[in-house]
Amino acid sequence: LQSQHLDAPKIPKVYWEDIGGLEKLKKELLKTIEFPIKYPHLFKNSSLKRSGILLYGPPGCGKTLVAKAVSTELNVSFLSVKGPELLNMYIGQSEENVRKVFESARASSPCIVFLDELDALAPRRGAAGDSGGASDRVVSQLLAEVDGVASGDEADSSSFVFIMGATNRPDLLEHSLLRPGRLDKLIYVGPYCGLYEKTSVLKALCRNYKMTEEVRLEDIAASLPERCTGADLLAVIDTARAAAVRALVHNLQAGLVKESEFSQDSVILGVPELRQ
Ligand code: ATP
């Protein structure tokens, strides 16, 4: 892993208001991560202490977004890596990459390490063979780092490192990674269902947009399939924005609205009202 490929940990700028729905998940995550950061001495040598959690579920449902928001809200730096990025064909290099990730996290602690596509990095041992996937040695290195995180200095929150793993395929993961004290809390992040939940996500996605009066997010949510991923809902909003921008350009060209009424950064949704 070339050091330029490993982004330096930093505090993201994703806030709870950017996330629609997922109320129970937000509370649960804060409770799980905030308490050990704030009260490290209470977790010292306790069976409550864990290295991290695992978020699982289909793609595009908000795992990455939620992990970033936790870091932002707790003011903790965030180091994100995708499992396959750490894998290298040269002997010993993948293990070294895993080691470097945690070294970087410790140097920027308190820090959340987000390990996306964790199944690529930690497949069940003995399953990968020599087919180019992560070898058993890589999994062993990861387990050693995970255990190192759990036995960090509990009395000092500045040395806090917490792992948030993410996968679409928890069934492929090395089981021992999910043992008590390691990533022993599994949280499902799934598609958004029902009018209230889908409307909440649409509202969050439009939070910074100006909207014309005829845009009713609830009606849009009602017209969508029962189950939508966050990425599906984002695509709906992006399509609506593109249509609104096209309509605006059309109205500007027709002289129906004045350019001065729309600053460059006024993002819109819905067709701007025509002026006579
Ligand atoms: P993958 O498994 O592919 O990594 P993921 O579960 O990590 O996917 P995200 O990348 O977090 O999914 O979500 C994709 C996009 O969907 C986000 O960038 C965001 O725009 C939108 N999104 C998902 N969930 C929500 C939500 N609850 N509120 C607002 N936007 C959301």
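Since we're looking at a predicted model, the values are computed, not measured. (Residues numbered from 1 in each chain as written. Predicted model: local features only at pLDDT ≥ 70, side-chain atom pairs only at ≥ 80, totals over all residues. Heavy atoms only, no water.)

Trainee: What am I meant to see in the pattern of salt bridges here?
Mentor: Any two side chains of opposite charge can pair, given that their charged atoms come close. Taken as a whole and judged by the stated rule, the model has eleven salt bridges. We note a salt bridge from Arg 169 to Asp 171, for which the minimum N-O separation is 2.7 Å. Where salt bridges share partners, they join Glu 96, Arg 99 and Glu 103 into one cluster. (Salt bridge = Lys/Arg side-chain N within 4 Å of Asp/Glu carboxyl O.)

Trainee: Is there a simple way to think about the pairing of strand S1 (residues 52-56) in this case?
Mentor: Both faces of the sheet carry side chains from a regular strand, because those side chains alternate between them. Extensive coverage of S1 is indicated by the burial of four of its five residues. As defined by bridge partners, S1 adjoins strand S4 (residues 161-167) across five bridges and the pair is classed as parallel. Paired with Leu 55 across the strands is Ala 166, a residue of S4. Judged from the five bridges that link them, S1 and strand S5 (residues 183-188) form a sheet pairing that is parallel. The residue bridging Leu 55 from the neighbouring strand is Ile 187, located in S5. (Buried < 20%, exposed > 50% of the residue type's maximum accessible area, 1.4 Å probe, protein only. Helix = DSSP H or I, 4+ residues; strand = E, 2+ residues; numbered from the N terminus. Pairing = 2+ DSSP bridges.)

Trainee: How should I be thinking about the site of the ligand in this particular structure?
Mentor: Close to the ligand lie 19 residues, the nearest being Gly 20, Gly 60, Lys 63, Thr 64 and Tyr 192. At the level of secondary structure, the elements contributing two or more residues to the shell around the ligand comprise helix H3 (63-74), helix H8 (194-205) and helix H10 (230-253). Residue composition of the shell around the ligand, by class: ten nonpolar, six polar and three charged. (Near = heavy atom within 4 Å. Nonpolar A, V, L, I, M, F, W, Y, C, P; charged D, E, K, R; others polar.)

Trainee: I'm lost on the nonpolar core in this one. Help?
Mentor: One recurring pattern in soluble globular proteins is that nonpolar side chains are buried together. By size, the foremost hydrophobic cluster in this structure holds 38 residues, and its most contacted members are Leu 29, Ile 33, Ile 112 and Met 164. Taken together, the elements giving at least two residues each to this core come down to helix H1 (23-38), S1, H3, strand S3 (111-116), S4, H8, helix H9 (217-222) and H10. Ranked by size, the runner-up nonpolar core spans 26 residues in total, among them Val 113, Leu 142, Leu 143 and Leu 177. (Core = buried A, V, L, I, M, F, W, Y, C linked by side-chain atoms within 4.5 Å.)

Trainee: It is not clear to me how the packing of aromatic side chains should be interpreted in this structure. Could you clarify?
Mentor: Two aromatic rings are characterised by how far apart their centres lie and by the angle between their planes. Within this structure, the stated rule accounts for three aromatic pairs. Here Phe 78 and Phe 114 contribute two aromatic rings whose centre-to-centre distance is 5.8 Å and whose plane-to-plane angle is 25°, an arrangement assigned as stacked. Note that Phe 78 is positioned in strand S2 (residues 77-82) and Phe 114 in strand S3, a separation of 36 residues in sequence. Residue classification places Phe 78 among the buried positions, given a relative accessible area of 7%. Owing to a relative accessible area of 0%, Phe 114 belongs among the buried residues under this scheme. Aromatic pair Phe 160 and Phe 162: ring centres 5.9 Å apart, planes at 5°, arrangement stacked. Phe 162 shares its class with Phe 160; the two are buried. (Phe/Tyr/Trp six-rings, centres within 6.5 Å; stacked < 30°, edge-to-face > 60°.)

Trainee: What should I look at first to understand unusual backbone geometry in this one?
Mentor: The general pattern is negative phi for most residues beyond glycine and trans for most peptide bonds. Backbone torsion omega between Ser 109 and Pro 110 reads 0°, so that peptide bond is classified as cis. When you line up the elements, Pro 110 lands in the loop between helix H5 (93-107) and S3. Within the chain, Leu 22 stands out as a residue other than glycine whose phi angle is a positive 55°. Inspection of the secondary structure assignment puts Leu 22 in the segment before H1.

Trainee: Mind showing me how you'd approach the side chain of Glu 95 here?
Mentor: Mapped onto the fold, Glu 95 is located in helix H5. According to the relative accessible area criterion, Glu 95 is buried, its value standing at 13%. Dropping the residues within four chain positions of it, Glu 95 is found in contact with Arg 137, Val 138 and Gln 141. (Contact = heavy atoms within 4.5 Å.)

Trainee: Help me out: how do you make sense of the sheet that holds S4 in this one?
Mentor: Strand pairing in a sheet takes place through backbone hydrogen bonds and is either antiparallel or parallel in direction. Taken together, five strands build an open sheet; the order of strands is S2-S3-S4-S1-S5 and the sheet is parallel. Each edge of the open sheet is held by one strand with a lone partner, namely S2 and S5. Pairwise comparison of adjacent strand axes, ignoring direction, gives a mean angle of 20° for this sheet. Here S3 pairs with S4 via five bridges, running parallel. (Axes fitted to C-alpha atoms, helices over the stretch in contact; angles between N-to-C directions.)

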